[in-house]
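# A look at the structure
Letter by letter, the chains look like this.
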Amino acid sequence: MKRLFVIAVASEKGGVGKTTIATNMAVYLKALREDLPVTIASFDNHFSVDQMFALVPPSERNVAALFEESPPTDLVRLGQYGVQYVASSRRLQLPHHPPEWLRQRLDSMDLSGILILDTRPIMDWYSEAALLAADLVIAPVKDRAALINTEALRQVLATVGHSERLWLLPSLVDTRARLNAEVRVHEFLSYAARERDYQVLGIIISKSPKVESLASGFSSSVRPVLTHARNTAVHRQFKQLAEFVLDRFDAAPVASHDRIMTPVQNDSGPSVIRRRQVQECPVCCLASDVNAGHFFFSLRSRRRGYVHPGCFAKICAAMNPELFENCGGVIALTLDGPGLVAPDCRLAAHLFNDNGELLESETIVIEEAQTIKESVGCMIGQPMDRAYRELVFLNGYVEAVELRPGRTEAGVFLKNRRKITRELRQAGLY
Ligand SMILES: Nc1ncnc2c1ncn2[C@@H]1O[C@H](COP(=O)(O)OP(=O)(O)OP(=O)(O)O)[C@@H](O)[C@H]1O
Ligand SMILES: [Mg+2]
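Residues numbered from 1 in each chain as written. Chains lettered and ligands numbered in written order. Predicted model: local features only at pLDDT ≥ 70, side-chain atom pairs only at ≥ 80, totals over all residues.

### Brief notes about the overall build of the chain
For the chain, the helix and strand inventory stands at 15 helices and 13 strands. Over its C-alpha trace the chain gives a radius of gyration of 23 Å, about what one expects of a compact globule, namely 22 Å for 430 residues. Dimensions of the chain along its principal axes, counting C-alpha atoms only, are 70 × 50 × 40 Å. Counting all 430 residues of the chain, 40% fall into the buried class. (Helix = DSSP H or I, 4+ residues; strand = E, 2+ residues; numbered from the N terminus. Rg over C-alpha atoms; globule rule 2.2 N^0.38 Å. Buried ≥ 20, exposed ≤ 12 C-beta atoms within 10 Å, placed from the backbone.)

Below, the structure written as structure tokens:
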């Protein structure tokens, strides 16, 4: 059986739409895939989960039991719309465990399918535990302040090397609001987020008076968009969001081997980086030369390492040797995985000069380039047919020592990386 897939909806900023997204996502997931168990629990004390899903009056068994010493029983109930829910609680007791413990607790319960955790607008033990337990973290961002706050989520995820599980979702978007004649506010927000190396969903959740009305007023129940606001843009957007989530769920490993807890590092930096340092050349899989080579860096997984010069020539030969082999600049490989362009992935190579200016772009026929397929898979850290949207940088030949922090060459690489990412985005290539 596929292991439980946990989604945390989180933001330190209040009122960004976390609960609305978490609860509606549960309804849409169930609507799209009837046979998939979908469960929701909230660590907040607002009872919105109960107001949308409860079929029976509240009982003593609620989410507080999740944090008790002995494993809880009979906690999950079947609710409205086929969604299972855990009743909310006004008060949670702090467990005598580090936040990593929550995932073990969840795994020890008899749950399968997808579990959605709605979190509090504060980075406390419960929010941290939800982040560390999550296979996917959705962070609604409605303004610049929310974007700045997202850094706290990234830092928690970075301590266990899971930054790539974080996806930002522009929320409560007023599509008419503009920064100036050309740029709409939410476009600027997405742009600013990508600039900061965040993954941003290509989906937005619009601000809609109709959607707002579903949770306001004096009624004790909250209605889902699916049943009560089908004629809004938000209906289509939630459907897209659920499709994205199902793609991630389907791509998640079946076995539980990646569940082994990585110890939390308080001194985040070096140890995290070392774990993402790939010791083998991604082309031949033999030990890479630690002193020099063609440096590669995968933007999403942050994996990095060195390609042997001969192996670099091999992948260039499979692309366009005349163009790439002695280019000296930076090659950016963009990959749209099947989650985006199903059923096949799309790979393209873009050549940039030393100043980070785009010279050429070339689409690669993956079926004819097995070496590239495997090499890129190794660089991004997962098979290409599980990828979503990736960007890998392949540098010219460098001495490893030159890329140490503080060295000029390292600074140039970082600057070019940002510039290239920006240019590719502006050109619609990534
Ligand atoms: N798409 C939307 N359009 C209009 N109003 C919305 C939308 N999504 C949420 N709202 C409204 O915005 C307010 C905040 O939403 P919600 O409670 O989901 O945010 P939250 O991040 O969970 O807040 P908190 O941090 O307090 O838990 C609510 O009144 C909700 O009804
Ligand atoms: Mg909330």
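Structure shown, so let's carry the discussion forward.
### Some thoughts on the environment of R105
For R105, the position within the fold is in helix α3 (residues 101-108). Placed 35 residues apart in sequence, R105 and S70 show a C-alpha to C-alpha distance of 9.6 Å.

### Some details on the confidence of the model for the chain
On average, residues of the chain carry a pLDDT of 87, and 93% of them reach 70 or more. Overall, residues 256-274 carries pLDDT values under 50, and its contacts beyond four positions in sequence, including any with other chains, amount to 17 contacts. (pLDDT = per-residue confidence, 0-100. Contact = placed C-beta atoms within 7 Å.)

### Things to note about the environment of D110
Counting through the fold element by element, D110 comes out in the loop between α3 and β5 (114-118). For D110, a count of 9 C-beta atoms within 10 Å gives the class exposed. When the C-alpha positions of D110 and N326 are compared, they lie 56 Å apart, and in sequence the two are 216 residues distant.

### Some points on the sheet that holds β5
Taken together, seven strands build an open sheet; the order of strands is β3-β4-β2-β5-β1-β6-β7 and the sheet is mixed. One side of each edge strand has no neighbouring strand; the edge strands of this open sheet are β3 (76-78) and β7 (166-170). Shown here is a sheet whose adjacent strand axes are inclined to one another by a mean of 25°, direction ignored. Contacting β6 (136-141) and β7, helix α5 (residues 144-158) crosses the sheet at an angle of about 165° to β6. (Pairing = 2+ DSSP bridges. Axes fitted to C-alpha atoms, helices over the stretch in contact; angles between N-to-C directions.)

### What about helix α4 (residues 125-133)?
Within α4, eight of the nine residues are buried, leaving the element largely enclosed by the surrounding structure. Among the residues of α4, Y126, S127, E128, A129, A130, L131, L132 and A133 are the ones counted as buried.

### Some details on the domain arrangement of the chain
Bring the parts together and some accessible area is lost; that lost area is often taken as the interface size. Assigned domains within the chain: domain 1 (5-259) and domain 2 (277-426). Between the C-alpha centres of domain 1 and domain 2 there is a distance of 33 Å. Each partner contributes residues to the interface: domain 1 has eight residues there, and domain 2 has nine residues. Each residue belonging to the side of domain 1 that touches domain 2 can be placed in one class, and the counts come to one nonpolar, two polar and five charged. (Domains from an automatic or database assignment. Nonpolar A, V, L, I, M, F, W, Y, C, P; charged D, E, K, R; others polar.)

### So, the site of ligand 1
Every one of the 18 residues lining ligand 1 counts as a neighbour, but K18, T19, T20, P121 and E212 are closest to it. Listed by contribution, the elements that provide at least two residues to the shell around ligand 1 are α1 (18-32) and α7 (209-215). Tallied by class, the residues present in the shell around ligand 1 amount to seven nonpolar, seven polar and four charged. (Near = placed C-beta within 6 Å.)

### Here's the deal with the nonpolar core
Grouped together as the largest cluster of nonpolar side chains are 76 residues, with contacts concentrated most on I7, A8, M25, I116, A130, L131 and V137. Once residues within four sequence positions are removed from consideration, L131 is found in contact with A8, A10, V137, L153, V156 and L157. One finds L351, V376, C378 and Y388 within the second-largest nonpolar core, a separate group that totals 42 residues. (Core = buried A, V, L, I, M, F, W, Y, C linked by C-beta atoms within 7 Å.)

### Overview of the sheet that holds strand β11 (residues 346-352)
The strands that make up a sheet are held in pairs by hydrogen bonds between backbone atoms, and each pair lies either parallel or antiparallel. Spatially, six strands are ordered β9-β8-β13-β10-β11-β12 in an open sheet, and the strand pairing comes out antiparallel. The open sheet has two edge strands with one neighbour each: β9 (304-307) and β12 (358-364). Between one strand axis and the next, the sheet turns by 25° as a mean value, whatever way the strands run. As defined by bridge partners, strand β10 (residues 330-336) adjoins strand β13 (residues 389-399) across six bridges and the pair is classed as antiparallel. Paired with I331 across the two strands is L394, which belongs to β13. Together, β8 (292-298), β9, β11, β12 and β13 form the strand contacts of helix α11 (residues 309-319), whose direction differs from that of β8 by roughly 55°. The strands touched by helix α14 (residues 370-380) are β8, β10, β11, β12 and β13; relative to β13, the strand with the most contacts, the crossing angle is about 95°.

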